[in-house]
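# Commentary on secondary and tertiary structure
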Amino acid sequence: MNYSNEQKKRLRKYNLRSSVIHTEGNLIENLNIIQKIFPTSDLVTKDLIIRDKQAVICYLSSIVDEQKLAQFINTISTNTEEIELFITNNTVRTNQILEIETTILDGKSILLVEGDSVAFVYSTGKLPQRAYTPPSIDNSLRGSKISFVETDQANIALLRRFIKSRDFQIKQVEIGNENKSIVSIAYIDGLVDEDLLSGVEQSISKIKLDSVINANHLAQLIERNPFSPFPQYFTTERPDVAATTLLEGKVVLIVDRSSEVIILPINFAIFFKTIDDYSARAMVASFNRILRVVAFFLTIFLPGIYIAIISFNYEIVPLKLLLSIGESRAKVPFDPLFEAIVMEITLEMLREAAIRLPAPISTTVGIVGGIVIGQAAVQAGIVSNIMVIVVALTAISSFIIPNYEMASSLRVIRFPIMIMASLFGLIGLIVSTMILMIHGLSLSSYNKPYTLPFSPINRDAFKDTIIRVPLKYLWKKQNKRNEE
Amino acid sequence: MKNDVRRDSFMIITKSKITQFQFILMIFGIQVGIGMLSLPRELAQKGGTSSWIAILFGGIISTLIGIVFVKFREKAPNLNYIGFFTFYLGKIIGSIVVLFQAMYFLYGGYLALVRATLYIQSYILQETKTYILLVLFLFPTYQLISGGVHLIAKYIEAIFPIAFFTLFMLLFTLKDADINFILPIIKEGWMPIFKTIPLTTTSFLGIELILVYYPYLKSKEKAVKGVIIGNALTTFTYVFVTIICFVIYSPYEIKMTFEPVIDILSVIEFQYVERLDFILFSLFLMIISKTWVTFIWAGMNGLSELFKFRLLPIIIIFLFIIIIILTFIQVPTFTNTTNHLHVLMISGLYITIGIPILLLVGGLIKNRLSKVKIN
Amino acid sequence: MKYFQVCLLSIFLVIGVSGCRGKVNIEDVTLSMILGIDVNDQNKVEVFMASPVFSGETKEKTEHFNVQTLSIKESRNYFDTRASGVTGGGKIQAILIGSKVLEHKNWFSIMDMFFRDPKFRLNADLIFVDGPLADVFNLKPKDKPELPIYIPQLIQTADFRNVAFRTSIRQFHQLYYEKGITPFAPELAIHGEHLVVNGTTLLTKNNLYNRTLSMNETQLLKILKDHLEGQLVIALKLKKFKKDVDDVFTDEETSFYIKDVKRKIDKKYTNGHYSFNVNLTMPIMFTESPIGLTNSSEAILKKAIEKKLQKELNNLIQSFQKDKVDPVGFGILAHSFQYADWEKIENHWLDTYQKSNIKVKVKIIVIDKGITM
C-alpha cells in the first residue's frame, strides 16, 4: 500500500518497522505495537479468553461506552459457535497500524486474538457530546430555538431534519495532518453550482496545517483577502439559517468540534438579514431592514460626520443647534478627534469587559459605565454632552447589526474614518467612503461578486435586500418552477 | 504562422463582463464630469438663454458618433485596443494613433483631476495644498486603476444613485424660479444656437472611450441601444441642469457666476441642514472621479498595450509622481486649466471626428490590398 | 523592489496625513451673525458686527464691534484683532444698511465680497435701517432676545404674516442686475426701545432711496408679485358701510384672509407701448365684517371689497410709474415676449414703463364667512 510522506513519518516516529500488525498474530508483539503508539495511561488492555484462545481487547477508557463494551465482552466470552458469526457481522477487520490508531482515537475497541493476523474493530465510541441548546449569539424571537453542537454527526442530523430530501448530500474532506478533523461539505445537488463545489474543495485541500480546531479558523484560512475590513465568510449556529441558505444553492461547511457552520459564498447583504425577517410580515420586515441600513451608516459615519462638521464645515448646521453645540464645546479643552477617540475607546473597553464578566455584574458595569461615567465626564468638562450622545447612538447602531463579525469590523472601520474626517473634513469622509466602497466592490466570494444586489444591479435581489416584499412575490420563482 | 498566433493571443480579450446597464452608466458617467458645473454659464455667454436647445443637437451628434464607433468595433469585437487599430491601419500607423490617443487620454484625466482639486480648494478647503489633495485622491484612483476596467464599471454603477440624488436636490431650488427668464424660447433667432453647437458637442466628449472598453462588454449586440440610452441620459441631465439654472438666474446674472450649479445649491435650506452645496459638492466629487479615473485608465491601458508591459503597481505610482511634479511645474489655476481644457476639447473633437475617417480610409485600403493579394 | 514600494507608500502617507491647515473648531469661531454698514457723520464708512459669545462665564451673550474701513474683508481682519475667536461669516443672518448709505450712488460696490466669497451665507436677509446704525447696535431691550437672534426672528415672523418683504442677499443681487425690476428690501426703524418693521424700502434704478412703502402697501405689493408666504390678512376701510361718523368705533372695517393669489397678466405690445392687464383672482375667508353676512349680503360686501382693492392697487401702480420704480417686475414680463423690441429699450425700461398702460382687475371669491353670520 502506498503511504504518503506524513504517514511514513509517523510510522518512523513510533519506531515501527512495518506498517501492519504481526502477520502471525503474535499477541505480545501486537500488544507492544499498540502500547508503543499509545503510551497514555487511559489505554486499557483487557485479557480475555475467546474459545480457548488468548485475546486482548484494547481501548481508550475515557472515550468508550462502558455499557456497550461490557455487553460485547459478555457476548464474545460465551463459548459458543455463534461468536465467529457475531464477530464477523459486528466488527471490521484491519491489519493496518495507522487505521488501528485512527479507530482507537475514535473510541472504538480493538480485539486482538492470538494467531489471527487481523484485528477486529468494534464500535463502542462515546465521545463527549452536548445536548442541543438554544443559540447563544444568533438570537431570534420567532425562529426555531435550537443550535448546532460540536459533533458533526449531530449537526448533520439536525440539517437532515430541516431538509428532508435525497438531494441533500455531504462530501467529507479531512484536514489537519497531526490532528485530523473532518470537514463535511453539505450541499443540495441540483441547486448548487459545480464550480463552487470544486472551488471550495480546492481551497480546503490547500490547507497544510497540523490541526484546525474551530470553524472560524477554517473560514479565515480559506478567505481570499484576509486584510480586508469586510468579512468574507458567514458563520451561524442556527440550523434554520443553514437550511435556508442551502436551499438557495449555497454550500455549508460543517467542521467537527465546532458549533458554528460556515456558509459560502456570501455577499454583503447577508450580514443584514436575520431569520426573523422572514417570520414577520412585509411591512414590519421592511422597516427592520431599513433600520439596519440606517444603523450601518450611522455606525461607520456618525462620529466622523460630527467631527467633520464641527471642525471644518460648521455652516451646515442650523443656527440654533450650532449655538448649543458651541456652548457645550466651549467647556471642553480637547480637540474633537481626541474627545471622540477617548469616548469610543472607553465604550469599547466597557463592551469587552461586559463579555468577560458573569451576568449580574455585567449589567451593573453597563449602568455604571454608561450613565455615571458619561455624566461625570460631561460635568467635569472632559467631553461635551453632544459627544456622549453621538457615541451612544453609534454604539446602539452597531449592536443592531445582526452578525457579530460584521459589527465588529464596522466598529473598527470607524476609527480611520474619524481620523480622516478630522484631517480633511467632509472631503476626507468622501475619500474614505470611496476607498471603502471600491474595496468592497473588488471583493468576490468564489466568483460571485461581494456587493451583489448593488453592483451589478440585479432586480430580483432587490426584492429582499433593503425592503422585503411579501413572500408570495419573493418566492414566485419557486412556485412557478413547481407548477410546471 | 507561429508568430501570428502568439500575437493574436496577446490581443484577444477573453474576460468580458461589463453588463448592459454598466455600459450605459459608463457612457453617462464619463461624459458628465466637471463640465456640468460651468456649462450653463458658458452656454449663456455664447448663445444666450435659448442655447439649451443646442444641447439637444450636441446629444444627437454624439449619439451618431457613438454608433459609428460601435459599428467599426463590431468588425473586430474581441481585439484589444492596439489590436483593433493594427487591424485597420497596419502596425505603424496604428501604433502612432494609439500613442496619440493615450497621450490625449492621460492629458484629459490629468486636467479633470487637477480641475476638481481646484474646485475643492476654491469652495471647501481653502488652505490645503494642491499636492496633499492630489495624494488624497490618488488613493482611490490607484485602487481603481489596478483593479481594471471591470472594477471601474462596477464603481460607476454603484455611484449612479448619488448622481440621481444630486439632480433631485436641484428640484428644491425651484421655489425661486421665474419662468419668464427663459421666455421667449428662441430669443435671438437660431444663429446663436447653431454657433453654440460646437461647445455642446465637446461637452459630450468621453464617447471616444467606447473604442477602448467595447471588447469588455458582455452583450455586444445591445451596444447600439446602450449608446443611445447613455447619450440620452447625458443630454437629459445637461438640459435639466441648464434649464434650472436659466430659470433661477436672470439672464443678466447668469453670465456672472463661474459655477452656477454650485451656487444655486447653496441657498437650499432645510430645518436640519443648511448650506447643502457643501454636502452635495462633496458627493459630486465622487461623480467627477469617474471621469478622471476612466481617462487615466484608458491612457495607461493604451500605453501598456503599445509598449507591451504589464500594469504593475510601481508603474501606476510612478505615473502619480509625474502628475504631482507637473502640478509643481505649472501651478494649476482656473485660468490656465480653462485654457488647457480648451485645447483638450479641440483635440478631442479632432480625434472623435478624425478616427472614423481614418478607419474608413484604412478599411478601404485594406480591402483593396487584400483583393490585390488574392489576385 | 518591495522596500522601494514601502518607502514610496510611506511618503505618500506622510503627505496625506499632514492634513489641512484651515481647520477651526466651532468653539473658536466668532460667528458674525449681524453685519452692519453705515456712513457716519465724518462721511466715513463704518462696519458693525454682532456675534454670540460661547462661554458660560461672560455676562453678556453677544459682543458688538465697529470699525471704519471700506473693505468688508479688511473689516474682518480688524474684527479679528478685537474678537476672542476667529471671525467667520458662514452663519450670517442679516446685513443692515444705514439710511445714509442710500444717499450714495455706488454703495452696492461694498457688497462685492458677499458674492465672491464661497463661504458666505447667501440666504442672509438684507435690511435697510431708517436712521443711524449705531443706535440699533446700542439697543439693549430687556424683554427681547439678543440682537443677533432678535432681528432675524423679527423679519421672519413679519414675512410670515406678509407684512414685510423678506429679501435675501441673493435675491437682492438679482434685483440689482436684472434690468426689468428695481430693488427693494424691508425696512427697520427704532421706536423707543424696540425695533419695528417699517415697511419696504424701494430703490430707484441708481440704487438711491426712493420711498418707503407702508405695511398696507407692502401687502399690496406682495399680492401684485404673487409672492405670498404664510398667512395674509388684509383689513380695509369701506366707506360704504360707515355707520356713525362721530364715534371712534366707525363700523366700516372688514378683514379677510387671502388664501391664494392667481395672477394672470395679459401682455400686449403696440407701437412701442406696452400694456399689461393684471387679472387677480383671490379666494378669501372673512374674519371681520361690518354687516351680517348671509348668502345675499355677501355679494354686496364682495363687490365693495373688489372695488376698493382694485382702486388701491391701481393707485399703487400709478404711483410706481410716476416715481419710475418697478418693484413688481413688469420689465421681466416685457422681455419674456417681445425680445427684439426689449433689446432696444432695455437700458431705458423705466421710461417706457412710465408710459405703459397697466391696469389691475380684481376678482374675489368668498369661500368662507366664518362661524357666525
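For clarity, every value in this text was computed on a predicted model and none was experimentally measured.

Within chain C, the regular secondary structure consists of 11 helices and 15 strands. Expressed as a percentage of the 373 residues in chain C, the buried residues total 39%. Of all intrachain contacts in chain C linking residues separated by at least 6 positions in sequence, the fraction that spans at least 24 positions is 67%.

Residue and element names in this part refer to chain A. Spatially, the five strands line up as an open sheet ordered S6-S7-S9-S10-S8, and their pairing is antiparallel. Among the strands making up the open sheet, the edge pair consists of strand S6 (168-175) and strand S8 (234-236). When strand polarity is set aside, the average angle formed by the axes of neighbouring strands in this sheet is 25 degrees. In this structure, S6 lies alongside strand S7 (residues 181-188), joined through eight bridges in antiparallel fashion. Considered in S7, the bridge of Gln169 is made with Tyr187. The sheet strands contacting helix H6 (residues 152-162) are S6, S7, strand S9 (251-255) and strand S10 (261-264), and the helix crosses S7 at an angle near 10 degrees. Across the sheet, helix H9 (residues 239-247) touches S7, S8, S9 and S10, and the angle it forms with S7 is around 55 degrees.

Residue and element names in this part refer to chain A. Inspection of helix H5 (residues 97-105) places Ile97, Ile100, Thr103 and Ile104 among the buried residues, and these make up the whole buried set. Down the axis of H5, the buried side of the element spans an arc of 125 degrees, and every buried residue falls inside it. Among the structural elements, helix H2 (27-37), strand S2 (53-60), strand S3 (92-94), strand S4 (109-113) and strand S5 (119-122) are those in contact with the buried residues of H5. Gly107 sits one or two positions beyond H5 and adopts a positive phi of about 100 degrees.

One finds Leu253 of chain A together with Ile127 of chain C to be the most contacted residues of the largest nonpolar core, which totals 287 residues. No other element matches the 20 residues that helix H7 (residues 130-170) of chain B contributes to this core. Leaving out residues up to four positions away in the same chain, Ile127 of chain C has contacts with Ala94, Ile95, Leu96, Ile155, Ala185, Pro186 and Leu188 of chain C. In this structure, Ile34, Tyr59, Ile97 and Ile110 of chain A belong to the second largest nonpolar core, which totals 22 residues.

Residue and element names in this part refer to chain A. Residue position: Ile175 is located in strand S6. Taking the C-alpha atoms as reference points, Ile175 and Ala119, 56 residues apart in sequence, are found 26 Å from one another. Beyond its immediate stretch of four places on either side in the chain, Ile175 contacts Ser181, Val183, Ile204, Ile207 and Val212.

This brings us to the interface of chain A and chain B. Contacts between the two partners involve 21 residues from chain A, matched on the other side by 30 residues from chain B. Of the residues that constitute the side of chain A that touches chain B, the class distribution is 15 nonpolar, five polar and one charged.

This next bit is on the environment of Pro134 of chain A. All names here are of chain A. Within the secondary structure, Pro134 is located in the loop between S5 and H6. In this structure Pro134 comes out as partly exposed when scored by C-beta crowding, with 13 C-beta atoms within 10 Å. A C-alpha to C-alpha distance of 49 Å links Pro134 and Pro333, two positions 199 residues apart in sequence. With near-sequence residues (within four places) excluded, Pro134 lies in contact with Lys145, Ile146 and Ser147.

Moving on to the pairing of strand S10 (residues 209-213) of chain C. All names here are of chain C. Here four bridges tie strand S9 (residues 194-203) to S10, and the two strands are oriented antiparallel to one another. Across the sheet, residue Leu202 finds its bridge partner in S10, namely Arg211. The hairpin turn running from S9 into S10, its antiparallel successor, is five residues long, and Asn207 in that turn takes a positive phi close to 60 degrees.

With 25 residues of chain B at the interface, the matching set in chain C holds 23 residues. Counting only elements with at least two residues in the side of chain B that touches chain C, the list comes to helix H6 (91-123), H7 and helix H13 (313-329) of chain B. Examining the composition of the side of chain B that touches chain C, we find that four residues originate from one element, H7 of chain B, more than from any other. The class makeup of the residues in the side of chain B that touches chain C is 13 nonpolar, six polar and six charged.

Looking now at the sheet that holds S3 of chain A. Residue and element names in this part refer to chain A. One open sheet holds the five strands; their spatial order is S1-S2-S4-S5-S3, and the pairing between them is antiparallel. Both edges of this open sheet fall to strand S1 (43-50) and S3, since each of them pairs with a single strand only. Neighbouring strand axes in the sheet, compared pairwise and without regard to direction, differ in orientation by 25 degrees on average. Strand direction decides the pairing type here: S1 and S2, joined by eight bridges, are antiparallel. Bridged to Leu48 within S2 is Ala55.

The next subject is the domain arrangement of chain C. All names here are of chain C. Partitioning chain C into domains gives domain 1 (26-213) and domain 2 (214-373). Measuring from the centre of the C-alpha atoms in domain 1 to the corresponding centre in domain 2 gives 31 Å. Mapped onto the side of domain 1 that touches domain 2, the elements with two or more residues apiece are helix H5 (147-160), S9 and S10. Considered class by class, the residues forming the side of domain 1 that touches domain 2 number eight nonpolar, seven polar and six charged.

This paragraph deals with unusual backbone geometry. In this structure, the amide linkage connecting Leu264 of chain A to the following residue, Pro265 of chain A, adopts the cis form with an omega of -15 degrees. Within the secondary structure, Pro265 of chain A sits in the loop between S10 and helix H10 (276-279). Positive phi, normally seen in glycine, also occurs at Asn207 of chain C, with a value near 60 degrees. With respect to the secondary-structure elements, Asn207 of chain C resides in the loop between S9 and S10. Positive phi, normally seen in glycine, also occurs at Lys324 of chain C, with a value near 55 degrees. Residue placement: Lys324 of chain C occurs in the loop between helix H8 (297-323) and helix H9 (330-334).

Our next topic: the confidence of the model for chain B. Residue and element names in this part refer to chain B. Taken as a whole, chain B shows an average pLDDT of 85; of its residues, 96% reach a score of 70 or greater. Within chain B, the element-level pLDDT minimum falls on helix H1 (residues 2-11), averaging 45, and the maximum on helix H10 (residues 223-248), averaging 91. With pLDDT under 50 throughout, residues 1-9 is counted as low confidence; its partners more than four residues away or in other chains account for zero contacts.

Here we come to the environment of Gly369 of chain A. Secondary-structure assignment places Gly369 of chain A in helix H14 (residues 359-380). For Gly369 of chain A, a count of 17 C-beta atoms within 10 Å corresponds to the partly exposed category.

With that settled, the discussion passes to the confidence of the model for chain C. All names here are of chain C. Taken over all residues, the pLDDT of chain C has a mean of 82, while the share at 70 or more is 94%. When pLDDT is averaged over each element of chain C, helix H6 (residues 169-177) comes out on top at 90 and helix H1 (residues 2-17) at the bottom at 68. Predicted as a complex, the structure gets a pTM of 0.87 and an ipTM equal to 0.88.

The next subject is the packing of helix H11 (residues 282-311) of chain A against helix H13 (residues 336-356) of chain A. Residue and element names in this part refer to chain A. Running from N to C, H11 and H13 cross one another at 160 degrees; their axes reach a closest spacing of 10 Å. For the element pair H11 / H13, the angle class is roughly antiparallel. Along this stretch, H11 crosses H13, giving a crossing that reads as right-handed. Residues Pro303, Ile307, Ile310 and Ser311 of H11 pack against Pro336, Leu337, Ala340 and Glu344 of H13. Of the residues belonging to the contact of H11 with H13, the class tally is six nonpolar, one polar and one charged.

Residue and element names in this part refer to chain A. Neither face of S5 is left uncovered, since the one carrying Ala119 and Val121 and the one carrying Phe120 and Tyr122 both have all their residues buried. As defined by bridge partners, S3 adjoins S5 across three bridges and the pair is classed as antiparallel. In the strand pairing of S5, Thr94 is matched with Ala119. By the bridge criterion, four bridges tie S4 to S5 in an arrangement that is antiparallel. Note that in S5 the partner of Leu112 across the bridge is Ala119. In textbook terms, the turn of a hairpin is the stretch between consecutive antiparallel strands, and for S4 and S5 this stretch comprises five residues, one of which, Gly115, has a positive phi near 100 degrees.

About the cut-offs
- Residues numbered from 1 in each chain as written.
- Chains lettered and ligands numbered in written order.
- Predicted model: local features only at pLDDT ≥ 70, side-chain atom pairs only at ≥ 80, totals over all residues.
- Helix = DSSP H or I, 4+ residues; strand = E, 2+ residues; numbered from the N terminus.
- Buried ≥ 20, exposed ≤ 12 C-beta atoms within 10 Å, placed from the backbone.
- Contact = placed C-beta atoms within 7 Å.
- Pairing = 2+ DSSP bridges.
- Axes fitted to C-alpha atoms, helices over the stretch in contact; angles between N-to-C directions.
- Arc of directions from axis to C-beta.
- Core = buried A, V, L, I, M, F, W, Y, C linked by C-beta atoms within 7 Å.
- Nonpolar A, V, L, I, M, F, W, Y, C, P; charged D, E, K, R; others polar.
- Domains from an automatic or database assignment.
- pLDDT = per-residue confidence, 0-100.
- Parallel < 35°, antiparallel > 145°, perpendicular 65-115°, else oblique.
- Left-handed = near helix turned anticlockwise from the far one by under 90°.

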